[in-house]
Amino acid sequence: GAVVSQHPSRVICKSGTSVKIECRSLDFQATTMFWYRQFPKQSLMLMATSNEGSKATYEQGVEKDKFLINHASLTLSTLTVTSAHPEDSSFYICSARWGTEISLHFGNGTRLTVT
Amino acid sequence: GENVEQHPSTLSVQEGDSAVIKCTYSDSASNYFPWYKQELGKRPQLIIDIRSNVGEKKDQRIAVTLNKTAKHFSLHITETQPEDSAVYFCAANLRAGGTSYGKLTFGQGTILTVHP
């Protein structure tokens with residue numbers, strides 16, 4: 001089946017530093033990747049939609065200069081949290097789809113803790 | 001945009017009982033409705049999905065029903081087991097097409113607890 005690999009699974013960083021999260025589709029070419037954020041005991045909130053070779057589309061209220069998304073190839077998308085603050089601590093999950101397939105395949109998620 | 005409401009927020013049942021979770025959506029053009037099970041600290045796992053041209057779908061103990069007219073869909077779990085305990089999310093996609101194809105809006109989630 002379709003596998004999406006996300007790294008790192010956990011990261012702890014100091015306030016003010018930047019963190020990069022990678023999302024890779026291992027056995028398919030991801031036409032579109034989605035980045036979600038999930039706070040404890042809450043639902044998944046879409047942050048942005050990423051299509052290969054084009055700029056990401058951000059949801060309302062998500063700062064594009066703070067959450068930098070790069071989708072340079074059909075198998076890799078990265079999310080960089082710049083100048084992280086404690087309120088950015090959350091569970092970040094990527095998902096990917098390809099072609100006309102509508103179902104999503106999720107990565108394992110990254111638990112970010114900003115101290 | 002699409003808005004998805006999910007109820008109840010928590011559901012507690014005895015092992016062997018049935019569990020029903022309901023969702024409503026706002027965009028009549030939505031045509032794909034997946035259900036996910038998420039265990040603590042893990043990724044959502046697709047357990048069943050239904051498309052708008054189907055009214056009901058069943059997979060062993062799990063079934064989903066869709067009422068397009070009323071814009072609501074439900075998850076039914078029969079003969080519940082303790083390992084069914086998790087958070088369940090419904091979702092609906094935006095209308096198909098364009099660069100947002102496959103974009104899902106999630107419900108608020110239901111914490112299901114199955115007591116042995």
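Just so it is clear, the model here is predicted, and its values are computed rather than measured.

Trainee: I'd like a rundown of the packing of aromatic side chains, residues and numbers included.
Mentor: All chains considered together, the criterion is met by 12 aromatic pairs over all chains. Ring geometry for A:Y36 versus B:F106: centroids 5.4 Å apart, planes at 90 degrees, classification edge-to-face. Here A:Y36 is found in strand β4 (residues 32-38), whereas its partner B:F106 is found in strand β10 (residues 104-106) on a different chain. Here A:Y36 and B:F106 have matching classes, each one buried.

Trainee: Tell me what's going on with the interface of chain B and chain A, and back it up with residues and numbers.
Mentor: Counting residues at the interface gives 19 residues for chain B and 25 residues for chain A. Linking chain B with chain A are 1 salt bridge, by the criterion used here. One salt bridge in this structure joins B:K103 and A:E59, with 2.7 Å as the shortest N-O distance. Of all the secondary structure elements, the ones that give two or more residues to the side of chain B that touches chain A are β4 (32-38), β9 (86-93) and β10 of chain B. By residue number, the principal contributor to the side of chain B that touches chain A is β4(B), which donates 3 residues.

Trainee: Account for the pattern of salt bridges, with residues named and values stated.
Mentor: Summed over the entire model, instances satisfying the criterion amount to 7 salt bridges over all chains. A salt bridge links A:D88 to A:K66; the shortest N-O distance between them is 2.8 Å. With A:D88 in the loop between β8 (76-81) and β9 (90-97) and A:K66 in the loop between β6 (57-58) and β7 (67-73), this residue pair connects regions lying 22 residues apart in the sequence. Under the relative-accessibility criterion, A:D88 is labelled buried at 5%. The class of A:K66 is buried, set by a relative accessible area of 11%. Residue B:K42 pairs with B:E39 through a salt bridge whose shortest N-O separation is 3.9 Å. Overlapping salt bridges, with partners in common, bring together B:K37, B:E39 and B:K42 in one network.

Cut-off values and rules
Residues numbered from 1 in each chain as written. Chains lettered and ligands numbered in written order. Predicted model: local features only at pLDDT ≥ 70, side-chain atom pairs only at ≥ 80, totals over all residues. Heavy atoms only, no water. Phe/Tyr/Trp six-rings, centres within 6.5 Å; stacked < 30°, edge-to-face > 60°. Helix = DSSP H or I, 4+ residues; strand = E, 2+ residues; numbered from the N terminus. Buried < 20%, exposed > 50% of the residue type's maximum accessible area, 1.4 Å probe, protein only. Contact = heavy atoms within 4.5 Å. Salt bridge = Lys/Arg side-chain N within 4 Å of Asp/Glu carboxyl O.

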